[in-house]
Amino acid sequence: MDADARLYPGARWRGTVDAAQSVTRQPVGLDEKLAVTGTLALALAAAFWPQGGRR
């Protein structure tokens, strides 16, 4: 499962694959979705925020 899969609206689980090819699943909560979405929104806003000093 991708790390971004937890952002899908219906996502309830996130998981990783270990060396033995078994998937470890953990529940995804609303707080985790909001934290990741907020971080991505801040990064996007910072990328497009006008820099000071240009006139």
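What you see as residue numbers is a count from 1 along each chain, following the sequence as written. The predicted origin of the model limits local features to residues at a pLDDT of at least 70 and limits the giving and counting of side-chain atom pairs to 80 or more, whereas totals for whole chains, interfaces and linings rest on all residues. Hydrogens and waters are ignored; side-chain quantities use all the structure's heavy atoms.

1. Side note on the confidence of the model for the chain
Next up, step 1: What pLDDT expresses is the predictor's confidence in each residue, scored from 0 to 100. Per-residue pLDDT for the chain averages 79, and the proportion of residues at 70 or more is 82%.
Next up, step 2: Labels follow the DSSP assignment, with helices taken as runs of H or I lasting at least four residues and strands as runs of E lasting at least two, numbered in each case from the N terminus. Of all secondary-structure elements in the chain, the lowest mean pLDDT belongs to strand β1 (residues 13–17), at 77, while helix α1 (residues 30–48) reaches the highest, 91.

2. Details of the environment of Thr24
Next up, step 1: By secondary structure assignment, the location of Thr24 is in strand β2 (residues 23–27).
Next up, step 2: For the exposure calls, accessible area comes from a 1.4 Å probe over protein chains only, and a residue counts as buried if that area is under 20% of its type's maximum, exposed if over 50%, partly exposed in between. A relative accessible area of 39% places Thr24 in the partly exposed class.
Next up, step 3: The spatial distance from the C-alpha of Thr24 to the C-alpha of Arg14 is 8.2 Å, given a sequence separation of ten residues.

3. A word on the pairing of β1
Next up, step 1: With five bridges joining them, β1 and β2 adopt antiparallel strand pairing. From the neighbouring strand, Thr16 faces β2, where its bridge partner is Thr24. Strand pairing follows a simple DSSP-based rule, namely that at least 2 bridges must link the two strands.

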